[in-house]
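Structural overview for review
In case you want the letters, here they are:
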Amino acid sequence: AEPSGEVSTSPPEVSAFPFASMAAPLSLAEALSSSLSSPVPPTPLSLAKTLAGEAASPPPWPPQVFSMTLRKADGAELGLNVKALDSQKVVLVEGIRADGAVEAWNRQCVSSAHPERAILAGDRIISVNGISYEPDKMLEECRDKHLLKLTLLRGDQGELASPLTLRADASEFVPKGSEPSA
């Protein structure tokens, strides 16, 4: 058959299947309510409580160091419950308080591609604005400054090496607990 010079302006036919036999749309609430005998009241959630877990329990991740820069709004608090650990020369994060700069940071992290960068109970602050391994000075910096560059350590709760015990000129690295091979 030869093509004719006429062009069809009508839309192509669409099959009614499966749309013709569908009933009225069903909402998720209606579907769930039919399977529940009594309504369940909504549970209030707090991101700070969800992320914090138990204050003293260490997170299960391998050791990792990460940094971020936070800006506290005028009159806003950082929003951390902390304790200076002079023996380890760090500031231990014991909890996250609601409505602080850290909770806002955590909300942003959780909804991003990097939820692991949220600050959690058990994390240890090892540096604030370049001040390292001096817990009292780091806490003072957190109180007094609006712009804070924080470096945290998450994971292994063992002894921390201070900057004085790390040697760039070492010829080899032997992890703690490793037996030398004979």
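Cut-offs and rules
Throughout, residues of each chain are indexed from 1 in the direction in which the sequence is written. Owing to the predicted nature of the model, reporting of local features is limited to residues with pLDDT of at least 70; listing and counting of side-chain atom pairs is limited to 80 or more, with chain, interface and lining totals taken over all residues. Side-chain measures were taken over the full set of non-hydrogen atoms in the model, leaving aside hydrogen atoms and water. Helix and strand assignments come from DSSP, with helices taken as H or I runs of at least 4 residues and strands as E runs of at least 2, each series counted from the N terminus. Any two residues having at least one pair of non-hydrogen atoms within 4.5 Å are treated as being in contact. One side-chain nitrogen of Lys or Arg within 4 Å of one carboxyl oxygen of Asp or Glu is enough to make a salt bridge. Per-residue accessibility, obtained with a 1.4 Å probe over protein chains only, is compared with the maximum for each type, and a residue is labelled buried under 20%, exposed over 50%, and partly exposed between these values. The directions considered for the arc are those from the helix axis to the C-beta atoms. In this description, a nonpolar core means a group of buried Ala, Val, Leu, Ile, Met, Phe, Trp, Tyr and Cys residues linked to one another through side-chain atoms lying within 4.5 Å.

Quick notes on the environment of Val128
The topology assignment puts Val128 in strand 4 (residues 124-128). Sequence spacing of Val128 and Cys142 is 14 residues, and the spatial spacing of their C-alpha atoms is 7.3 Å. Setting aside residues no more than four positions away along its own chain, Val128 makes contact with Met138, Glu141, Cys142, Leu148, Lys149 and Leu150.

A short note on the pattern of salt bridges
One pass over the structure, following the stated rule, counts five salt bridges. A salt bridge links Glu77 to Arg97; its shortest N-O distance comes to 2.5 Å. With Glu77 in the loop between strand 1 (64-71) and strand 2 (80-85) and Arg97 in the loop between strand 3 (90-96) and helix 3 (101-110), this pair connects stretches of sequence that are 20 residues apart. Classification of Glu77 by relative accessible area gives partly exposed; the value is 48%. Salt-bridge contacts for Arg154 lead to Asp123; the nearest nitrogen and oxygen are separated by 2.7 Å. Of this pair, Arg154 sits in strand 6 (residues 147-154) while Asp123 sits in the loop between helix 3 and strand 4, placing them 31 residues apart in sequence. Each member of the pair Arg154 and Asp123 is classed as buried.

Topic: helix 4 (residues 135-144)
Those residues of helix 4 not exposed but buried are Pro135, Met138, Glu141 and Cys142. Here the buried residues of helix 4 occupy an arc of 120 degrees about the axis, which is enough to place them on one side. When the buried face of helix 4 is taken as reference, the exposed residues oriented beyond 90 degrees from it are Asp136, Arg143 and Asp144. The inward-facing, buried residues of helix 4 abut strand 2, strand 3, strand 4, strand 5 (131-132) and strand 6.

Here's the deal with the nonpolar core
With 21 residues, the main nonpolar core has Met68, Leu70, Leu78, Leu80, Ile119 and Leu150 as its most contacted residues. Looking at this core, the elements with two or more residues in it are strand 1, strand 3, helix 3, strand 4, helix 4 and strand 6. Take this core: its biggest share by element is four residues, from helix 3. With near-sequence residues (within four places) excluded, Leu150 lies in contact with Phe66, Ser67, Met68, Leu70, Ile119, Ser127, Val128 and Cys142. In terms of nonpolar packing, the next biggest core, distinct from the first, is built from five residues, Leu85, Val90, Leu92 and Leu153 among them.

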